Amino acid sequence: MSNHRIILVTGGARSGKSTFAEKYMMKLAPEGSSYYATAQPFDQEMKDRIIRHQQDREKSGFAWKGKECPLELPEQLQQETSHYVLVDCLTIWLSNELLAVEQQPDAEQLLADRIDQLEEAVKSFGSRGTVILVTNEVGSGVVPAYELGRTFRDHAGRLNQRMAALADEVYLVTAGIPIELKSRMVQL
């Protein structure tokens, strides 16, 4: 196995994606890894959730180097000097980016540009290290009732497809069970 690869972990909410991604990184990089957390504490419930995640990582005994990265993900990846990074999660980063530009007349293009920048940063980092990207699968639900929800869902679907195309490995986690998808992918 190469020390330079891109790994995508997807699944529904509370499916076990983060747990799988963290355990996989611990196996790949026993000396430690950077951990990019993208959530922003907008309310008390999210603050509590972030604290629980941080405490869980501390209790693991693994050398996580935590970085809060709600908006600057492409820039942080470009500057990263370690060889291992776990990003949790891409869809939260995307929603942060969408909320940052939603009132601008060219919001769709700005969001598309940020996804392009992330793709380039992931490619670049993947050529010199290993990155595990956690993301939510949002395409299995109903069509959102509001324009902002549809915009998010559409961009998240495109983002996930682009990251999966870059990835050396893609895992779907359902009910805590990871299944590798990329090796089972049908070639047309």
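Up top is the structure these notes are about.
This write-up is about the structure you can find in this document. Residue positions are given per chain, counting from 1 as you read along its sequence in written order. Per-residue local features are limited, in this predicted model, to residues with pLDDT of at least 70; the limit for side-chain atom pairs, both in listing and counting, is 80 or more; totals at the level of whole chains, interfaces and linings are taken over all residues. Side-chain calculation: all heavy atoms of the structure are included, whereas hydrogens and water are not.

1. With respect to the nonpolar core
Among the nonpolar cores identified, the biggest contains 25 residues, and Leu73, Leu77, Leu90 and Leu133 are the most heavily contacted of them. Ignoring any residue separated from it by four or fewer positions in sequence, one finds leucine 90 in contact with Leu8, Leu73, Leu118, Leu133, Val134, Thr135, Leu159 and Met163. By convention a nonpolar core is built from buried Ala, Val, Leu, Ile, Met, Phe, Trp, Tyr and Cys residues, the set being connected through side-chain atoms within 4.5 Å. In this scheme, a residue with accessible area under 20% of its type's maximum is buried, one over 50% is exposed, and one in between is partly exposed, where area comes from a 1.4 Å probe on protein chains only. With 19 residues, the next largest nonpolar core counts Leu28, Ala37, Trp64 and Tyr171 among its residues. The contact criterion used is simple: two residues touch if any of their non-hydrogen atoms lie within 4.5 Å.

2. Comments concerning the pairing of strand 4 (residues 84-88)
Strands here are runs of E lasting at least two residues and helices are runs of H or I lasting at least four, both read from the DSSP assignment and numbered beginning at the N terminus. Here strand 4 lies mainly inside the structure; 5 of its 5 residues are buried. Here strand 4 shows two buried faces, one formed by Tyr84, Leu86 and Asp88 and the other by Val85 and Val87. As paired elements, strand 2 (residues 33-37) and strand 4 share 4 bridges and run parallel to each other. Its bridge partner lying in strand 4, serine 34 is registered against valine 85. Note: two strands are recorded as paired if DSSP finds a minimum of 2 bridges between them. Bridge analysis of strand 4 against strand 5 (residues 130-136) gives 5 bridges, and the strand direction is parallel. Note that in strand 5 the partner of valine 85 across the bridge is valine 131.

3. Concerning the packing of aromatic side chains
Aromatic rings from Phe, Tyr and Trp, with only the six-membered ring used for Trp, were paired whenever their centres fell within 6.5 Å, and each pair was classed as stacked if the ring planes differed by under 30 degrees, edge-to-face if by over 60, and tilted otherwise. Applying the stated criterion across every chain yields a total of 5 aromatic pairs. Summarising the aromatic geometry, the rings of phenylalanine 62 and tryptophan 64 are spaced 4.5 Å apart at their centres and angled 65° between planes, so their arrangement reads as edge-to-face. Per residue, the accessibility class of phenylalanine 62 equals that of tryptophan 64, and both read buried. Among the aromatic residues, those joined into a cluster by ring pairs are Phe20, Tyr24 and Tyr171. For the cation-ring pair, arginine 57 lies above tyrosine 35, with the distance from its terminal atom to the ring centre recorded as 3.9 Å. In this scheme, the term charge over a ring applies when either NZ of a lysine or CZ of an arginine sits within 6 Å of the ring centre and within 35 degrees of the ring normal.

4. Focus on unusual backbone geometry
A cis amide bond, omega 10°, links aspartate 88 with the succeeding residue cysteine 89. The topology assignment puts cysteine 89 in the loop between strand 4 and helix 4 (90-101). Backbone geometry places alanine 175, a non-glycine residue, at a positive phi of 50°. With respect to the helices, strands and loops of the structure, alanine 175 is situated in the loop between strand 6 (169-174) and strand 7 (177-180). On the basis of relative accessible area, alanine 175 is assigned to the exposed category, the value being 69%.

5. Overview of helix 4
Because an α-helix completes one turn every 3.6 residues, residues spaced three or four positions apart along the sequence face the same direction. Multiplying 1.5 Å by the residue count of a helix minus one yields the expected span of that helix. Taking 1.5 Å per residue as the helical rise, helix 4 with its 12 residues ought to reach 16 Å, and the 17 Å between its terminal C-alpha atoms agrees with that figure. Within the span of helix 4, buried status applies to Leu90, Thr91, Trp93, Leu94, Asn96, Glu97, Leu98 and Val101. Residues of helix 4 that are buried in the fold lie against strand 1 (5-11), helix 3 (73-79), strand 4, helix 5 (107-126), strand 5 and helix 6 (147-166).

Keep in mind these values describe shape, not function.
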